[in-house]
Amino acid sequence: MLCACSGEQFKFEEPPQSPESLATRDFSASCLSSRTGDWDLKFEDSQVDEVESTLKEALSLNYEEARALLGRLEYQRGNFDAALQVFQGIGIRSLTPRMVKAITEKIREEKPRPKGDSAPPTGVLSMHSVSLLLEAILLKAKSLEELGRYIESAKECRIILDTVESALPNGMPEFIGEDCKFQEMLHKALELLPTLWIKGGYLDEAINAYRRVLVKPWNLDPNKLAAIEKELAGTLLYGGVEASLPLKFYVFGPRTPKNNVEEAILLLLILMRKVVMQEINWDPEIMNHLTFALSITRQFELLAEHVEQILPGIYSRAERWYFLALCYNAAGQNETALNLLMKVCGSSEVKQKPHFHSFLLLAKLCSEDTKYARDGIKCASRMIDMASEHSKHFNAESHKFLGVCYGNAARASVSDSERALFQKESLNSLRVSSLGRRHDPEVMFNISLENAVQRNLDAAFYSAMAYSNMVADGSGRGWKLLTLILSAERRLKDAETIVDFALDEAERMDQLEFLRLKAVLKIAQEQPKQAIETYRILLALIQARDELQLQATNLNQSKDLELEAAAERALERAAWQDLAAIYSKLASWADAEICLNKARTLNLHCPRGWHTTGKYFEARSLYKEALVSYSLSLSVDPDYIPSIISTAEVLMKCGNQSLPIARSLLMNAVRLDPTSHEAWFNLGVLSKMEGLLLQAADFFQAAHELQLSAPPQSFI
């Protein structure tokens, strides 16, 4: 028992050969020991009193300290009920003021004092006694925890924090001796309290307990402090409880976090800084939490910055580049992501094990941009070779990206033979992918789209229906593709029915696009008044959306609205341009000019905007002004086919001297888009003007056949 005075934990070489619990005899004289063996004896209250008396005399302990020692012994033996009964006999509430005074005096003594300063007052508890009593409270809390009484345990544990905080309102001073036992008890209580609240189901109390640890300095070990910060961040992110920050924790002024996610991000950024400065060890959970937090708030650039700050050796080069590529891709910076992925798949990593996920992402990004279609073909082909060796599971995915890249390459090709080859390879690759992944809606959608572009409308319709059946809740792009296929087959009423259904089921952004598509269908049915009314509804909805965006104050909401803003501006611009074209055909020049001005204010450097302006001037027989507008359109995009065709039309009206230039323009348009019936029709008109009647007949025939399968909007 004498070792207890030093504050060290009891250690036994062998289990002590004694009755189960001296303490229980103090509360129940008739209780029998629960241990089996030779010590099945019955003790009287007088025996417990005798033991306590002996402890007091031998160790000069008071009643509470003796109880603390006995309770510790019972806890160490696993007699949690008995330990709890012993600890309940200690009057902690009455001792708390004396403990606070003792801690205060201890801090005062540790400070350098001037000469003549008064000596510490007598009758104050020693720090050894304070430590012993704090340990008793802590062990009482742990006993309650072992018995499953978590709420009571948390309340007991909180007494330690309240006591020390009353004595040290500004936190633990740095000059406290390392051998100070009460600091050790405090640190254990700081770590235990949030865990107890979590076990009891009180997450808001647990969050405040974590905050209480962090808001003041308690001389915690840096790694333990980091662990608490990480646990708080995890609880804030995944706890499902929005715990508002109390006013007393507003230590950052106006920059104080406004919600759980902001607070978690702040904690995780602090932890990442500590990792970079090598103040704490690398912990992958910190990066996982930060990735989740910044992803849900769409701060992908900030995430990329912190990935770049991670010290070398934690991630391999391929993993680091892949992680960064994911960040930049999510942030919409696909060019940067592609450059990083090409490093992973480039010659510098030839000797390394291929990073398959980087190849997969590179193929996906290349399939989304026609400019990188040929790079995508190379990447997907290499993936197929690797998949046959390492993972056949990705073989179908590789063929899907290969098929999409072949299709994009075909549309960008300038050679008819090459275009035909790429179109054939595209469908072949997509079919191979569908055999490996029969229920993949992405594969079926791409098969439908490629068939539609190649004007295989029956096959495209079948695949589009199969895609719609695979997607349970429907898909905006699936309904749009199905509508365009039906309209290309001149089933305009059926197409409008699909649009009306989609307007009720689609999400907001898709609804706006379907409203424009409905207006286009009205124009195709020669119903300009109904089309104008549909455009009016579309523009009113976009204006209402603008007002909602101005009222958005939440960070996440404003981010989401900002991402949709560009798409809405493009849709609004297209609506004004469509209206200008309608009013130009109706010879309503004032209305057409108003619509053109509206479109130009949204984007001055838009090839379709200048093309629509040219059609307006052409309708008014102002051919010079029309040519200027078409030239401006082509200066923005030299391959903008409608402006190429319209320029040729105006030149054909200007006289025979311009016919060679017009033919050159039309042949270029056919080269860029062999399915353009307008280009073929104007070639027929031009050939007729030149007296080449047989050639003109062939061109008219091609134009007629293509027009029969032409959608009112492009499939792409």
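Residues numbered from 1 in each chain as written. Predicted model: local features only at pLDDT ≥ 70, side-chain atom pairs only at ≥ 80, totals over all residues. Heavy atoms only, no water.

1. A few points about the overall build of the chain
Defined as follows: Under the DSSP-based scheme used, a helix requires at least four consecutive residues in state H or I and a strand at least two consecutive residues in state E, with every element numbered from the N terminus. Any residue under 20% of the maximum accessible area for its type is buried, any over 50% is exposed, and the rest in between are partly exposed; the area is computed with a 1.4 Å probe on protein chains only. Contacts: residue pairs with any heavy atoms within 4.5 Å of one another. Only the protein chains shown count as cover for residues, and all accessible areas are computed by the Shrake-Rupley method using a 1.4 Å probe.
Of the regular secondary structure elements, the chain holds 33 helices and zero strands. Evaluated residue by residue, the chain yields a buried proportion of 46% over its 716 residues. Across the chain, contacts joining residues at least 24 apart in sequence account for 59% of those joining residues at least 6 apart. Total accessible area computed for the chain in this model is approximately 36400 Å², and 53% of it derives from carbon and sulfur atoms.

2. Side note on helix 9 (residues 203-214)
Here is the rule we go by: Every helix has an expected span of 1.5 Å times one less than the residues it contains.
Counted at 1.5 Å a residue, the expected span for helix 9 with its 12 residues is 16 Å, and the 17 Å between its end C-alpha atoms agrees. Turning to helix 9, its buried residues are Ala 206, Ile 207, Ala 209, Tyr 210, Arg 211, Arg 212 and Val 213. On its buried face, helix 9 sits against helix 7 (150-167), helix 8 (181-199), helix 10 (222-238) and helix 11 (260-276).

3. Quick word on the packing of aromatic side chains
Aromatic ring pairs are reported here in terms of the distance separating the ring centres and the angle at which the planes meet. Rule in force here: Each aromatic pair joins two rings of Phe, Tyr and Trp (for Trp, the six-membered one) with centres within 6.5 Å, and gets the label stacked for planes under 30 degrees apart, edge-to-face for over 60, and tilted for any other angle.
Counted by the stated rule, this structure contains 13 aromatic pairs. Ring centres of Trp 589 and Tyr 616 lie 5.9 Å apart, and the angle between their planes is 70 degrees; this geometry places the pair in the edge-to-face category. In this pair, Trp 589 sits in helix 27 (residues 589-602) while Tyr 616 sits in helix 28 (residues 607-619), placing the two residues 27 residues apart along the sequence. A relative accessible area of 27% places Trp 589 in the partly exposed class.

4. Some words on the nonpolar core
Here is the rule: Among buried residues, the Ala, Val, Leu, Ile, Met, Phe, Trp, Tyr and Cys ones that are joined through side-chain atoms within 4.5 Å form a nonpolar core.
Ranked by size, the top nonpolar core spans 111 residues in total, and within it Leu 134 and Phe 182 carry the most contacts. The element best represented in this core is helix 6 (residues 127-146), accounting for 10 residues. Ala 460, Ala 531, Tyr 583 and Tyr 616 belong to the second largest nonpolar core, which has 50 residues in total.

5. Let's talk about helix 21 (residues 457-470)
Across its 14 residues, helix 21 extends 20 Å between first and last C-alpha, which sits within 8% of the 20 Å expected from 1.5 Å per residue. The inward-facing, buried residues of helix 21 contact helix 20 (441-453) and helix 22 (476-488).

6. With respect to the packing of helix 20 against helix 21
Short version of the rule: Between the N-to-C directions of two axes lies an angle of 0 to 180 degrees, each axis being a line fitted to C-alpha atoms and, for a helix, fitted only over the stretch in contact. The scheme is simple: roughly parallel for angles under 35 degrees, roughly antiparallel for over 145, roughly perpendicular for 65 to 115, oblique for anything else. Take the far helix as the reference: if the near one is turned anticlockwise from it by less than a right angle, the crossing is left-handed, and if turned clockwise, right-handed. Only Asp, Glu, Lys and Arg are considered charged in this grouping, and only Ala, Val, Leu, Ile, Met, Phe, Trp, Tyr, Cys and Pro are considered nonpolar; every other residue, Gly among them, is considered polar.
Look at helix 20 against helix 21: their axes get within 8 Å of each other, and the N-to-C directions meet at 160 degrees. Between helix 20 and helix 21, the angle falls in the class roughly antiparallel. The hand of the helix 20/helix 21 crossing is left-handed. Contacts between helix 20 and helix 21 involve Pro 441, Met 444, Phe 445, Ile 447, Ser 448, Asn 451 and Ala 452 from the former and Leu 457, Ala 459, Ala 460, Ser 463, Ala 464, Ala 466, Tyr 467 and Met 470 from the latter. Grouping the amino acids of the contact of helix 20 with helix 21 by side-chain chemistry returns 12 nonpolar, three polar and no charged.

7. Regarding a nonpolar patch on the surface
Note the following rule: Patch membership is restricted to residues that have no salt bridge and whose relative accessible area is over 30%. Joining uses 9 Å for like charges and 5 Å for the nonpolar side chains Val, Leu, Ile, Met, Phe, Trp and Tyr. The working definition used for a salt bridge is a side-chain nitrogen of Lys or Arg within 4 Å of a carboxyl oxygen of Asp or Glu.
Together, Tyr 238, Phe 292 and Ile 296 line one region of the surface with nonpolar side chains, adding up to about 280 Å² of accessible area. Structurally, Ile 296 can be placed in helix 12 (residues 284-296).

8. Quick word on unusual backbone geometry
With phi around 60 degrees, Ala 587 is a residue other than glycine that occupies positive phi space. In this structure, Ala 587 sits in the loop between helix 26 (555-585) and helix 27.

9. Observations concerning the packing of helix 13 (residues 300-309) against helix 14 (residues 317-330)
In contact at an axis separation of 8 Å, helix 13 and helix 14 are set at 165 degrees when each is read in the N-to-C sense. Here helix 13 lies roughly antiparallel to helix 14, going by the angle between them. Helix 13 and helix 14 meet at a crossing whose hand is left-handed. Residues Phe 300, Leu 303, Ala 304, Val 307 and Glu 308 of helix 13 touch helix 14, and the partners they reach there are Arg 320, Phe 323, Leu 324, Cys 327, Tyr 328 and Ala 330. Across the contact of helix 13 with helix 14, the residue classes break down as nine nonpolar, no polar and two charged.

10. Here's the deal with the pattern of salt bridges
Applying the stated criterion across every chain yields a total of 33 salt bridges. With its nearest N and O atoms 3.3 Å apart, the salt bridge here joins Glu 450 to Arg 411. In this pair, Glu 450 sits in helix 20 while Arg 411 sits in helix 18 (residues 395-412), placing the two residues 39 residues apart along the sequence. Among the ionic pairs, Glu 618 bridges to Lys 615, the shortest N-O distance being 3.9 Å.

11. Some points on the state of the cysteines
Here is the rule: Cysteine sulfur atoms that pair up within 2.5 Å are treated as a disulfide.
Taken as a whole and judged by the stated rule, the model has zero disulfides. No disulfide involves Cys 405; its sulfur sits 6.0 Å from the nearest other cysteine sulfur, which is in Cys 366. Judged by relative accessible area, which is 0%, Cys 405 ranks as buried.

12. Structural notes on the confidence of the model for the chain
Where we set the bar: Known as pLDDT, the predictor's confidence for each residue is given on a scale from 0 to 100.
Mean pLDDT over the chain stands at 84; residues scoring 70 or higher make up 84%. Here helix 1 (residues 22-27) stands out as the element of the chain with the lowest mean pLDDT, 38, in contrast to helix 29 (residues 623-636), whose mean of 95 is the highest.

13. What to know about the environment of Leu 427
Its place among the elements puts Leu 427 in helix 19 (residues 416-436). Expressed as a C-alpha distance, the spacing of Leu 427 and Lys 400, which sit 27 residues apart in the sequence, is 9.7 Å. Those residues in contact with Leu 427, other than ones at most four positions away along the chain, are Ile 447, Glu 450, Asn 451, Gln 454 and Asn 456.

14. Things to note about the side chain of Arg 573
Our working definition: Charge counting treats Lys and Arg as positive and Asp and Glu as negative, with His and both chain ends excluded.
Following the sequence through the fold, Arg 573 ends up in helix 26. Here Arg 573 sits buried without a salt bridge, and the closest side chain of opposite charge, Glu 572, lies 8.9 Å off (N-O distance). Apart from residues no more than four positions distant in its own chain, Arg 573 is found in contact with Ala 599, Leu 602, Asn 603 and Cys 606.

15. Considering the environment of Ser 658
Summarising the element assignment, Ser 658 is placed in the loop between helix 30 (641-653) and helix 31 (659-672). The sequence separation of Ser 658 and Ala 648 amounts to 10 residues, and the corresponding C-alpha distance is 8.7 Å.

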